[in-house]
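The chain contents come next:
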Amino acid sequence: MKTNTTMTKVLLIVSLSTLVNLVFAQTQVVKGKILDSQAEYPLIGATITLLGSDPIKGSITDVDGSFRIEDVPFGRQVFAVQYIGYKSITVPNVLVTAGKEVVLELLLEESVEKLEEVVITANANKDMPINDLAKVSARTFSIEEVTRFSGGRNDPAKLAASYAGVSSTNDARNDIVVRGNSPTGLLWRVEGIPIASTNHFSTLGTTGGPVNALNTNMLRTSDFLTGAFPAEYGNANAAVFDIMFRNGNADKFEFTGQMAAYTGLEFMAEGPINKNRNASFLTSYRYGVASLAATGTSATPFYQDLSFKVNLGDYKFGRIELFGIYGKSNIDFLGDETDETDLFADPNVDSFVESEIGLMGLAHTLRFSKNTYLKTSLGASTNGNEYVQDNRILDDNDLLIKKYRATNSDTRENRYTITSTLNSKLNARWTLRAGFLNETYDMNVFTEDRDDRVSIPDINNDSIPDYFLINQDFQESYNLLQTYAQAEYRLTDDLSTTFGFHTQNHGLTDDFMIEPRVAVSWNKTPTQRWSLAYGLHGQSIPAPILFFQEEVSPGITLPTNQDLGFMKAHHFVLGYDKNLGPDWRLKTELYYQSLFDIPVEQTTSSYSIINEGSDFIFEERGSLVNEGTGFNYGAEITLEKFFSRDYYLLLTTSIFESQYEGSDGIQRSTAFNNNYVANLLFGKEWKFGPNRQNAWTFDTKVTTSGGRPYSPIDLAATRANAGREIRMEEIAFSERYGQYFRWDVKFGVRLNKNKVSHQFFVDFQNISDRRNEFVRRYNSVTDEINLVEQIGFFPDVMYRIQF
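What you are looking at is a predicted structure, and each value in this text was computed from that prediction instead of being measured.

Caption draft 1: Quick peek at the pattern of salt bridges. Scanning the model with the defined rule gives 59 salt bridges in all. Where E439 meets R415, a salt bridge forms, and the shortest distance between an N and an O atom there is 2.9 Å. On the criterion of sequence distance, the pair formed by E439 in strand β25 (residues 430-449) and R415 in strand β24 (residues 400-425) is long-range, its members being 24 residues apart. Exposure remark for E439: the relative accessible area of 1% places this residue in the buried category. Here K568 makes a salt bridge to D597, at a shortest N to O gap of 2.8 Å. With K568 in strand β32 (residues 567-579) and D597 in strand β33 (residues 584-601), this pair connects stretches of sequence that are 29 residues apart. For K568, a relative accessible area of 13% gives the class buried.

Below is the structure:
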């Protein structure tokens, strides 16, 4: 009996201890890998330490470069990483929560001067890109930043609008203007595969849209580049989003649920496939019905997307990864449910939109030696959009008499991609990288239209044009082949240079170009860095322009733009970085871009393709020639206080000029010449609860920019043209919309308890309810030119649970 009583007491003590541990053990696991930054091989025996821990918590990497630290307290933590012969770094602002283990992939740079000791550096360059060959105009962004900043709507493009040199003044879309360039100059890459767009409701030739299909919970820290790119990037002359998906947790299953006004309902799962091979999966599905979101229209958008990544682990024949994204969206604009203030719809029209995007990829990484690897990826992507429009004929009492089909548009761009990169680190000083990328474009583009065209007769006087004009009719395939080679030479630990070239060959136009690239980076002192870069960049013509069919005689249209070659730009960038303290940074960049071979009209005109790309459609212009020019120059200043001591601050200012010349030889502002843009972001956290494991959060963002230039409408000519707008091209972009201003304020809370984390926020967007000017357009209802305003005040909400 005594034995049983003793055993009962022991079991009771053990049970109570376990319960206490479950309730009060408010810690999490931090794990990951430490790799060489140039060749990505594992560093065996590297140390990582949790700063401020007592007793000291840390780990030493194993033969795979892996580490694991148990019992890391919740909240934002800082880690120090060291390895003999390498520059040590600190890793700040690592957010540790209850519902998800933290997985880090850390890169250390080998010293060229001190190989037999630990090389101490004061701080990591937290702003430096993942791609170490990018010396200027580049920075990283993380999942945590995308979700933290106010007004971001969980959209990487909206996040980028907070950075210097970037402008996004259309609240209804996420098009971004970088240094005065058209949004069409942006390159989206997902896992190294170029993709036309990552947005729902995207249209042919555009890079933006109302809702991004990229799930931010899937992303790992990625790069955003704004000029003078390294040689591996091509077919872009404005900016690059180099998006990477993270791997799933290879040790345990984890789940995320999320609900938000803009991104909808989401469920995400991840976990191990084969623990011995570090194989894992990660998948997410979202469904959005934006009837509750401020979208700028009374119509209800529907969209859904699926994303995944499967890492099959390491084998003798290499590592294989599968990844993909698929998005589908639709919206119906009904004229009798629309008014003239709608940003997208016309009350005299019923229109129906369906779109889809998709990418499926397979990546294989084969390591020939410790210092050399070959990464080859295969990808297939699609970007399809179907648009039909029925015009409504009304009587004098605005009652519907009849409808007729005015527009049929069905466009699909399929790409089949193979890309391969050979990376070799010859020694601590020299790194070589070379490869190719071939995209086979399978185009199926058809558009016919008879909407408000005075050139189409109505012989029987039934108010319906007698036939359609075919604007686009192209069903062919062609290749775009790109190659590149580049090298990095590190003269000292403080002075390095990269140089190389990029080539492009367009199979349809037979155009070929060689693009040299070079950059130098010099750490003058431990707290100061100078950088200088040059690059020649070329971009192919957007498909709606390239495949446009011009009306050469009544009712007869022919393609007249398919001989257009690459648009080209010289990029020059001078940068200066100054660390003002452990967590403060001042960065300044001066840039000049000379644009040439820009398509313009053969006849004297102010038109230039340089002004296209910020809307769903392109202007109808044929017989274009590569004879236009332009230039952008400006100065950018960034003052940033990285997240530490429970707050952060980001102040960015850009002053710039963007000009162009059409075939008339007159220098004018481009459509994107806002002249200035400034952002102020601030955030603060207040910790509370047991062990200060929870936090109240506050974030705010203030944005202002100059008004966008526009060409005034010729009202008399528009009326005579059946309501189809005619702009005054002789004074193109001579007027400006009003100054843009927006203030967002976000309040939230982050809770951690029993291996479950909760996050909730309310984001009061445009809290001042300022109605920024959107567009001045002809209104067929009022028969006047009316101002359409952007979205006013709107609260966004989000709730996330991870377990």
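Caption draft 2: A look at the environment of I598. Structurally, the position occupied by I598 is in strand β33. Here the alpha-carbon distance between I598 and T703, two residues 105 residues apart in the chain, equals 31 Å. In contact with I598, not counting residues within four places along its chain, are M567, K568, S608, I609, I610, V625, N626, E627, G628 and T629.

Caption draft 3: Representation of the nonpolar core. Ranked by internal contacts, the top residues of the largest apolar core, which has 36 residues, are F141, I176, W188, F224, F241 and I243. Elements supplying a minimum of two residues to this core: α3 (156-160), β11 (186-190), β12 (193-195), β16 (239-243), β21 (318-333), β22 (349-367) and β35 (647-661). Those residues in contact with F224, other than ones at most four positions away along the chain, are S137, A138, R139, F141, A160, Y163, V166, I176, V178, A239, V240 and F241. Counting residues in each nonpolar core, the second largest holds 31 residues, with V177, F474, A569 and I598 among its members.

Caption draft 4: Structural view of the side chain of D155. Tracing the sequence through the fold places D155 in the loop between α2 (143-148) and α3. Put simply, D155 is tucked away with no salt bridge, and the nearest opposite charge, on K158, sits 6.3 Å away. In this structure the side chain of D155 is engaged in a polar contact, spanning 2.9 Å, whose partner is the backbone nitrogen of A157. The contacts of D155, once residues within four sequence positions are left out, are V146, N174, N212 and T216.

Caption draft 5: Region of interest: the pairing of β24. When strand β23 (residues 372-394) meets β24, the two strands line up antiparallel, connected through 23 bridges. Pairing of D390 across the sheet is with R405, part of β24. Hairpin connection, β23 to β24: the antiparallel pair is bridged by five residues, and D398 has positive phi, about 60°. Relative to β25, β24 is paired through 19 bridges, and the arrangement is antiparallel.

Caption draft 6: The environment of L282, seen in detail. Along the polypeptide, L282 turns up in strand β19 (residues 279-289). Judged by relative accessible area, L282 falls into the buried class, the value being 1%. Taking the C-alpha atoms as reference points, L282 and E270, 12 residues apart in sequence, are found 4.3 Å from one another. If near-sequence neighbours (up to four positions away) are discounted, L282 is found in contact with M218, R246, G248, M268, A269, E270, S307, F308 and K309.

Caption draft 7: Main features of the packing of aromatic side chains. Per the counting criterion, the structure on display carries 28 aromatic pairs. Aromatic pair F474 and F547: ring centres 4.0 Å apart, planes at 15°, arrangement stacked. Of this pair, F474 sits in strand β26 (residues 469-490) while F547 sits in the loop between α4 (543-546) and β30 (549-553), and the two are 73 residues apart along the sequence. Of the two residues, F474 and F547, both sit in the buried class. Through successive ring pairs, a cluster of aromatic residues spans F141, Y163, W188, F224 and F241. The ring of F643 carries R76 above its face, with NZ or CZ at 3.8 Å from the centroid. In this structure, R179 packs its charged tip against the face of Y591, placed 4.5 Å from the ring centre.

What counts, and where the lines are drawn
Residues numbered from 1 in each chain as written. Predicted model: local features only at pLDDT ≥ 70, side-chain atom pairs only at ≥ 80, totals over all residues. Heavy atoms only, no water. Salt bridge = Lys/Arg side-chain N within 4 Å of Asp/Glu carboxyl O. Helix = DSSP H or I, 4+ residues; strand = E, 2+ residues; numbered from the N terminus. Buried < 20%, exposed > 50% of the residue type's maximum accessible area, 1.4 Å probe, protein only. Contact = heavy atoms within 4.5 Å. Core = buried A, V, L, I, M, F, W, Y, C linked by side-chain atoms within 4.5 Å. Lys, Arg positive; Asp, Glu negative; His and termini not counted. Polar contact = N/O pair within 3.5 Å; in protein donor to acceptor, adjacent residues only side chain to side chain. Pairing = 2+ DSSP bridges. Phe/Tyr/Trp six-rings, centres within 6.5 Å; stacked < 30°, edge-to-face > 60°. Lys NZ or Arg CZ within 6 Å of the ring centre and 35° of its normal.

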